[in-house]
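Okay, here's what each chain looks like letter by letter:
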Amino acid sequence: MSDYQVVQSKSPVFYNRYERKSELQHQTHYCSGCGHGIAHKLVAEALSDMGLQDRTIFVSPVGCSVFAYYYFDVGNVQAAHGRTPAVATALKRARPESIVIAYQGDGDLAAIGTAEILHAANRGEKFTVFFVNNAIYGMTGGQMAPTTLVGQTSTTTPWGRRPSNEGFPLHMAELIATLEAPVYVERVALCDNKNIMRARKAVRKAIELQRDGVGFSFVEILSPCPTIWKMTPNEARQWVADKMVPVFPVSVFRDRKPPAIENGGPRQISVIELLGLGEFSPAVEEPVAPRSGRRNLTIKIAGFGGQGVLLLGQVLAEIGLREGLEVSWLPSYGPEMRSGSAHCHVCLSTEPVGSPLVEHPDVLMAMNEISLRKFAPQVVSGGVVIYNRDALPADFAVRQVRVSCVPASELADQLGAAKAANMVMLGALIELTHVLPREQALAVLETTLHDGALLEIDRRAIDAGIDFVRKAAVPAA
Amino acid sequence: MAAVPDRGYVTIDTEECKGCGLCLEACPPRCLEFEPELNAYGVRPARYLGRGCTGCGICFYACPEPGAITVYRVAPPPKSAGTATGEASHAPAL
């Protein structure tokens, strides 16, 4: 009885089971005889043999291989159609120690993504591209690709590709090898045993070059697509050898050291360093003790453009920020400079703000009647509506919210500046919600307003708002 | 029965195999065939004839499925050096 050992088996870089439809978790989604599976295996084997699995980020394209993240147990990002090299650029620059693999098909790389791949290659980004070329659009059902051979039929070239109408097939490996920066460009073919092993070597070499930080590596893999070509898997493999290889020669087009670049590249400096913030920590000051238990508030401020709606939102966000809260401010306004409608959303929270969009605010600050009618029904039950008039319109009622009518424009006008109505509203908000303190509001205004007279008006406007709400509350109490 | 045992053998996961037949063509000693029965997915998966495998591993690389084929080879006699390079040890020599 001889002693046998496993010499080839499923790579540990693949998941044991795939997070697909329950009955198919044991199989890839690729068609029987598809070249993607072989290309995947070569990449997985190389990563596993080099011990790079935990450092790898795989960027999936759009195309049949969009689901590569089902299979590769590495970091995965799926990019918009054709943008794989752009995403890979960002990943590699942000994480130079990671092994970033951009895996693309010919529709993705050579059609919609031509700009991205050429510029990434031209910049010599230090990641690896595996370009799987099957001369057709597979996922979408067999339309002509940039790499479709002359005379090859597809759903969009039913009489065969004619150069007079559709141009010639793009030779991406040759094209990329005309650029200065790439260090390694090779084309291989998955057409027979010998060529598959040659592809294996090319895949390993490309990844090794990235591991060693040498530069941009690109491997074009001619790959069979039996389903769309309407062939058996063996016929398709033969078609790669007989039809594709003569047009797309299998060869090393570039294998050299990166060109010497003067000045070595951009200076690496962190944003904090660049801004001279020194030992910056996001929480600059200890949060001030809250005035009440409640610190979370979503606010919608609405009115005409010119009423200080957006500015009020910014001031609220700034006050919240200085109070140590998480804040967001989202403006929305029309193209008009004045008198169009404007509104903004402000979130104040002790937790990170998930979305700055406030669909159901705790507080609506309605600067005019239109805004009141439009947004008051959205306020949450138990919320607050502050309306810039001394009473609600006779035909209007909102249920289950507290309405505070503050004639802010009139009060501000009495102070000599109708424009300060938004500050009266701010005063009313401070008094009604007890979330933000008056002192912090004044501190914010002091640093944002440089005109002492305006500052004085705003201070009096805020106090007018606070006083009005207090007085209005007395008879009710 | 055979005096000299085969140098290797393969096992095939009949539920992962999609029956493409690439391994049958790729196998140098031609020791793979289709199962006569359909599997749960309605294809005839590949199977090992049961003799003749050299453990070369070519079928593994011809197969597009990550784990459909597992290749076994006779363990080499204990040797001190030369087998630890990883790549050279299990890649078919072509």
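What you see is a predicted model; the values in this text were computed from it and never measured.

S.K.: Mind laying out unusual backbone geometry, listing which residues take part and the relevant values?
M.R.: One non-glycine residue with positive phi stands out, namely His434 of chain A, at about 55 degrees. Mapped onto the secondary structure, His434 of chain A falls in the loop between α15 (421-433) and α16 (438-448). Using a relative accessible area of 31% as the deciding quantity, one classes His434 of chain A as partly exposed. Positive phi outside glycine occurs at Arg30 of chain B, with the angle close to 55 degrees. Tracing the sequence through the fold places Arg30 of chain B in the loop between α1 (22-26) and β2 (32-34).

S.K.: Can you break down the nonpolar core residue by residue, with the values?
M.R.: Ranked by size, the top nonpolar core spans 57 residues in total, and within it Val43, Phe72, Phe130 and Ile207 of chain A together with Leu32 and Ile69 of chain B carry the most contacts. With eight residues, the top contributor of residues to this core is helix α8 (residues 193-211) of chain A. Among residues more than four places away in sequence, those in contact with Val43 of chain A are Phe58, Phe72, Ile101, Phe130, Val203 and Ile207 of chain A.

S.K.: Lay out the side chain of Thr56 of chain A in plain terms, naming residues and giving numbers.
M.R.: Residue and element names in this part refer to chain A. Following the sequence through the fold, Thr56 ends up in strand β2 (residues 56-60). The class of Thr56 is buried, set by a relative accessible area of 3%. Among the polar contacts made by the side chain of Thr56, one reaches the main-chain carbonyl oxygen of Leu52 at a distance of 2.7 Å. If we skip the residues at most four places from it in the chain, Thr56 touches Leu47, Val74, Gly75, Ile99 and Ile101.

S.K.: Requested: an account of the pattern of salt bridges, with residues and values cited.
M.R.: Residue and element names in this part refer to chain A. Enumeration according to the criterion identifies 25 salt bridges over all chains in this entry. The closest approach of N and O atoms between Arg93 and Glu125, which form a salt bridge, is 2.8 Å. Pair noted here: Arg93 is in helix α3 (residues 84-94) and Glu125 is in the loop between α5 (114-123) and β5 (128-133), with a separation of 32 residues, a long-range link. Given a relative accessible area of 52%, Arg93 falls into the exposed group. Judged by relative accessible area, which is 5%, Glu125 ranks as buried. Here the salt bridges do not stand alone but share partners, grouping Glu45, Asp49, Arg200 and Arg204 into one network.

S.K.: How would you sum up the packing of α3 of chain A against α5 of chain A? Please name residues and give values.
M.R.: All names here are of chain A. As a packed pair, α3 and α5 sit with axes 8 Å apart at the nearest point and diverge in direction by 35 degrees. Each of Pro85, Ala86, Thr89 and Arg93 in α3 lies in contact with α5, whose residues at this interface are Glu116, Ile117, Ala120 and Arg123. Classifying every residue of the contact of α3 with α5 gives four nonpolar, one polar and three charged.

S.K.: Give a detailed account of the sheet that holds strand β12 (residues 363-366) of chain A, specifying residues and quantitative values.
M.R.: Residues and elements named next belong to chain A. Taken in spatial order, the six strands make up an open sheet running β10-β11-β9-β12-β13-β14, and their pairing is mixed. Edge positions in the sheet fall to β10 (326-333) and β14 (402-405), since each has one partner strand and no second. Shown here is a sheet whose adjacent strand axes are inclined to one another by a mean of 15 degrees, direction ignored. The sheet strands contacting helix α12 (residues 309-322) are β9 (297-304), β10, β11 (341-349) and β12, and the helix crosses β11 at an angle near 10 degrees.

S.K.: Lay out the domain arrangement of chain A with the relevant residues and their values.
M.R.: Here chain A is described as being made up of domain 1 (22-255) and domain 2 (297-476). Taking the mean C-alpha position of each, domain 1 of chain A and domain 2 of chain A sit 56 Å from one another.

S.K.: Give me the lowdown on the sheet that holds strand β8 (residues 251-255) of chain A, citing residues and values where you can.
M.R.: Two strands in a sheet stick together by hydrogen bonds in their backbones, pointing the same way (parallel) or opposite ways (antiparallel). Residues and elements named next belong to chain A. With mixed pairing, the seven strands of this open sheet are ordered in space as β3-β2-β4-β5-β7-β6-β8. The open sheet has two edge strands with one neighbour each: β3 (75-78) and β8. Taking each pair of neighbouring strands and ignoring which way they run, the sheet shows an average axis angle of 15 degrees. Relative to strand β7 (residues 217-222), β5 runs parallel, the two being bridged by six bridges. Residue pairing across strands places Phe131 opposite Glu220, the latter belonging to β7.

What counts, and at which threshold
- Residues numbered from 1 in each chain as written.
- Chains lettered and ligands numbered in written order.
- Predicted model: local features only at pLDDT ≥ 70, side-chain atom pairs only at ≥ 80, totals over all residues.
- Heavy atoms only, no water.
- Helix = DSSP H or I, 4+ residues; strand = E, 2+ residues; numbered from the N terminus.
- Buried < 20%, exposed > 50% of the residue type's maximum accessible area, 1.4 Å probe, protein only.
- Core = buried A, V, L, I, M, F, W, Y, C linked by side-chain atoms within 4.5 Å.
- Contact = heavy atoms within 4.5 Å.
- Polar contact = N/O pair within 3.5 Å; in protein donor to acceptor, adjacent residues only side chain to side chain.
- Salt bridge = Lys/Arg side-chain N within 4 Å of Asp/Glu carboxyl O.
- Axes fitted to C-alpha atoms, helices over the stretch in contact; angles between N-to-C directions.
- Nonpolar A, V, L, I, M, F, W, Y, C, P; charged D, E, K, R; others polar.
- Pairing = 2+ DSSP bridges.
- Domains from an automatic or database assignment.

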